[in-house]
Amino acid sequence: MTNPAEILGLPKPAWAADEVGMLYDMAHRFMSEEIAPRYDEFEKNEMVDRECWLKAGAAGLLCASMPEEYGGSGGTFAHESAIIEAIGHVGVDGFGIGLHNSIVAPYILHYGSEEQKKKWLPKLATGELIGAIAMTEPGAGSDLQGVKTRAEKDGNQYKVNGSKTFITNGQLANFIIIVTKTDPEKGAKGTSLIVVETDEVEGFERGRNLDKIGLKANDTSELFFNDMRVPTSNLLGHEEGQGFVQLMQQLPQERLQIGTGAIAMIERALALTIDYVKERKAFGKAIIDFQNTQFKLAELKTEATIGRVFYNDCVARHINGGLDPVTASMAKYWLSDLQGKVVDECLQLHGGYGYMNEYPIARMFRDARVQRIYGGTNEIMKLLIGRSL
Ligand SMILES: Cc1cc2nc3c(=O)[nH]c(=O)nc-3n(C[C@H](O)[C@H](O)[C@H](O)COP(=O)(O)OP(=O)(O)OC[C@H]3O[C@@H](n4cnc5c(N)ncnc54)[C@H](O)[C@@H]3O)c2cc1C
């Protein structure tokens, strides 16, 4: 089955029709032909080859939602959703282009000057620049106001000192948006976003490629800044101190795209498991013939359907500019929780084979776990939802 979403039997939402549907098919083909055959090698190397990024760029899979005048394809979040869904449906979840496309590039589009957009977006669209966003520090994760990385103005440069950890694409990225304090006394209002082109700066160092339990094909890294010199023209926004507001404005899309990965993996897990239980036999009959199997899968299919309908509605609202931060937090928390549950139950229905790495459900089990942690933990999502009560 090309599109595991079909297992739910739902009509396609309007936003997924026509060219978005074609982009999904193209992305699915690309992931199946270019990434999946080498995925074990990428997991072993703990990163995807740079060459794959360039190929993705050439295929039009980078910056699909950026305007054409800046090298993008002029699409919307629906296009980004199609690409992330294809990644999840093929099962190459560690290929970090979702973050590059729908988190990093939008910061440049929304807060970059005309000059910055012209300089950076076309290279992000080809894959010449690989993007990352560095918020988290060893002492500041959920509480981003506690960021200690400091950028001090010195002539036409910033002198940056500090460190970051858990940064997705952190080994490959040569274009990193860092969250810094330009005025520590002002707390959140003294926070700024500064772009670092790592090929061009002194004082930038990468730490370890961190050893994770899942998403092995994705590089996740520590970063160190020791008197790192960055031109003041790399500040995002027309003045210092805008960083926190910029982060808050962009977080709904970041959270929604975690939901995209979640619903795609849920659908793939269900499709694979339904195939498996039809084939596997015990006590003289197929596993699917046991009532427990049917009830479990009936429950999971029902919840997946609720999740997909909610997700589709969130995307429709987001494209029209109407997805509020509280609903985006609900999507992130609920869909990633459901992903964990579905993948766990589907693994159980595989018996011992589900615990073997050669079965895709085993990798999905490892990869799913982090979805409840990054992008703001699910506890933080509930905190935000709670504030709306
Ligand atoms: C694989 C991976 C990739 C990542 N990629 C990136 C990236 O690209 N860029 C980036 O900047 N960061 C990234 N992160 C970091 C991620 O966003 C943080 O790990 C996350 O925000 C949690 O921060 P923390 O790890 O410091 O946990 P802590 O903040 O120390 O939280 C520990 C526990 O306490 C809970 N907790 C904290 N505060 C509260 C509260 N007020 N109420 C109730 N419970 C609370 C949390 O929910 C959690 O369960 C990544 C992390 C991982 C694991």
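Bear in mind that the values here come from a model prediction, so they are computed numbers and not experimental data.

About the cut-offs
- Residues numbered from 1 in each chain as written.
- Predicted model: local features only at pLDDT ≥ 70, side-chain atom pairs only at ≥ 80, totals over all residues.
- Heavy atoms only, no water.
- UniProt positions renumbered as here; feature names shortened; annotations may be inferred.
- Helix = DSSP H or I, 4+ residues; strand = E, 2+ residues; numbered from the N terminus.
- Domains from an automatic or database assignment.
- Contact = heavy atoms within 4.5 Å.
- Buried area = accessible area lost by both parts, 1.4 Å probe.
- Salt bridge = Lys/Arg side-chain N within 4 Å of Asp/Glu carboxyl O.
- Nonpolar A, V, L, I, M, F, W, Y, C, P; charged D, E, K, R; others polar.
- Expected span 1.5 Å × (residues − 1).
- Near = heavy atom within 4 Å.
- Polar contact = N/O pair within 3.5 Å; in protein donor to acceptor, adjacent residues only side chain to side chain.

A. The UniProt feature "domain: Acyl-CoA dehydrogenase/oxidase N-terminal" (unreviewed entry) in the chain, seen in detail. Under the UniProt annotation, the feature "domain: Acyl-CoA dehydrogenase/oxidase N-terminal" (unreviewed entry) is placed at residues 19-128. With 68% helix and 0% strand, the stretch residues 19-128 has end C-alpha atoms that lie 26 Å from each other.

B. Representation of the domain arrangement of the chain within the structure. Segmenting the chain into domains produces domain 1 (4-129), domain 2 (132-240) and domain 3 (248-388). Taking the mean C-alpha position of each, domain 2 and domain 3 sit 31 Å from one another. With six residues of domain 2 at the contact, the number on the domain 3 side is seven residues. Interface of domain 2 and domain 3: buried area, both sides summed, is about 540 Å²; carbon and sulfur atoms make up 64% of it. The largest per-residue losses of area from domain 2 upon contact with domain 3 belong to Ser 142, Ile 213 and Leu 215, which jointly make up 66% of the total buried on that side. Between domain 2 and domain 3 we count zero salt bridges in total. Residue classes in the side of domain 2 that touches domain 3 are distributed as three nonpolar, two polar and one charged.

C. Helix H9 (residues 325-349), seen in detail. Between its first and last C-alpha, H9 extends 36 Å over 25 residues, near the 36 Å set by a 1.5 Å rise per residue. Looking one or two residues past H9, Gly 351 carries a phi angle of roughly 60°, positive in sign.

D. Just the site of the ligand, in detail. Thr 136, Ser 142, Thr 168, Thr 377 and Glu 379 are the nearest of the 18 residues found near the ligand. Residue Ser 142 places a side-chain N or O atom 2.6 Å away from an oxygen atom belonging to the ligand. For the ligand, a nitrogen atom lies 2.7 Å from a polar atom in the side chain of Thr 168. Contributions of two or more residues to the shell around the ligand are made by strand E1 (131-134), strand E3 (157-168) and helix H11 (378-386).

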